[in-house]
Amino acid sequence: MILADKIVDLRKKNGWSQEELAEQLGVSRQAVSKWESAQSVPDMGRVVQMSELFGVTTDYLLKDQMEIEERTGEETADGLALRTVGMEEANAFLQVKGENAGKIALGVMLCILSPVCLVLLGGAQSVGLIGLSEAQAAGLGLMVLILMVGAAVALFITCSLHENRFEYLEKEPIDTLYGVDGMARERREQFRATHAAQLTIGVVLCVISAVPIFLATMFFGEGENFAQVLSVAAVLVLVAVGVLLIVRTSILWGAFEQLLEEGDYTREAKAKARKMGPFSSIYWGLVTAGYLAVSFMTNAWERTWIIWPVAAVAFAAIYGIYAALQRKDG
């Protein structure tokens, strides 16, 4: 297989068009087209770029006799070939994660804040502060809720599509080329103080989120009054802001751990995650369905958010039991 055919083969395996490959290499689409049709040959700098981008050696690209089987490289204990990650790929990954972290965190925040309008309108209507019927207040509140959840889902889908090409970093063992490990560690150290601050503030906001309800009860009593309604809205706002900070900083920190294969992304953890993947999808799908069902049936949005931390603790316990059983079997 000649160089031209290898470029075509590797580009298609990665699901990229000529335009997308050209953009990542910093050349024109016409240049890529000429390489693939053997009308011209890329210079050595571009060959090195492509070796890092495709996760292959320069020898594989340049030596016609070397076929795909000869570039499998080192394998892990469970027989999975290591994916090579170069500096360009690592920087592109961190850039996408940086752009998406805020969007995903905003989407989560929108989901938590989505019932606020419903709570406020319902409370204002019940005490006669607005001239809407109960059905009108509920309808308007539900419309806002659905729009906010829809916007959040759009953010989640968009971010997921942007991150598709890097999915292997979360699930497969990798081998970073020279300089990548040092770059990731340096940038993580620069982010460490910010990560600690945002994580701390986020957790504290979630912990103190119940304070507005206590204050409203202390000063206005437990009867039906708008102060109680405002306190419920304040709870959701505090939780939403806290979760926004936690999710954003956790995504950014997790990106460094993926490149370094540390924390939740060690090769052992990835192997366990691959086995737990189907269960995880089913579990969180049921939790989401249960949260929505309970919230709509009870209309107690100010309390049903507790389902999420309880579900997370339960999942961690199940995962811990599974890991212990795996070690025992091993």
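Predicted model, so just to flag it, every value in this text is computed and none were measured.

**Quick notes on the side chain of S114**
Relative to the helices and strands, S114 resides in the loop between helix 6 (87-113) and helix 7 (116-126). By relative accessible area, S114 is classed as buried at 2%. At 2.7 Å, the side chain of S114 and the backbone oxygen of C111 are in polar contact.

**Digging into the side chain of R188**
Along the chain, the position of R188 falls in helix 10 (residues 180-207). Those residues in contact with R188 that sit more than four places away from it in its chain are W253, F256, E257, L260 and E262.

**Points about the confidence of the model for the protein chain**
Mean pLDDT over the protein chain stands at 82; residues scoring 70 or higher make up 86%. Counted against residues more than four places away or in other chains, residues 68-73, with its pLDDT under 50, gives ten contacts.

**Examining the packing of aromatic side chains**
Centre distance and the angle of the planes are the two values used to describe a pair of aromatic rings. Enumeration over the complete set of coordinates arrives at three aromatic pairs. When the ring of F191 is compared with that of W253, the centres are 6.5 Å apart and the planes differ by 35°; the resulting orientation is tilted. You can see F191 sitting in helix 10 and its partner W253 sitting in helix 12 (residues 226-260), a full 62 residues away along the chain. The buried category is assigned to F191, whose relative accessible area is 12%. On the basis of relative accessibility, which here comes to 14%, the residue W253 falls in the buried class. Between F191 and F256, the aromatic rings sit 6.2 Å apart at their centres with planes inclined by 50°, giving tilted as the arrangement. A residue pair is termed long-range when its members are at least 10 positions apart, and F191 in helix 10 and F256 in helix 12 qualify at 65 residues. The rings of F191, W253 and F256 are connected pair by pair, giving a single aromatic cluster. Above the face of the Y60 ring, K6 is positioned so that its terminal group lies 4.5 Å from the ring centre. Over the face of the ring belonging to Y168 we find R83, whose NZ or CZ atom lies 4.0 Å from the ring centre.

Basis of the calculations
Residues numbered from 1 in each chain as written. Predicted model: local features only at pLDDT ≥ 70, side-chain atom pairs only at ≥ 80, totals over all residues. Heavy atoms only, no water. Helix = DSSP H or I, 4+ residues; strand = E, 2+ residues; numbered from the N terminus. Buried < 20%, exposed > 50% of the residue type's maximum accessible area, 1.4 Å probe, protein only. Polar contact = N/O pair within 3.5 Å; in protein donor to acceptor, adjacent residues only side chain to side chain. Contact = heavy atoms within 4.5 Å. pLDDT = per-residue confidence, 0-100. Phe/Tyr/Trp six-rings, centres within 6.5 Å; stacked < 30°, edge-to-face > 60°. Lys NZ or Arg CZ within 6 Å of the ring centre and 35° of its normal.

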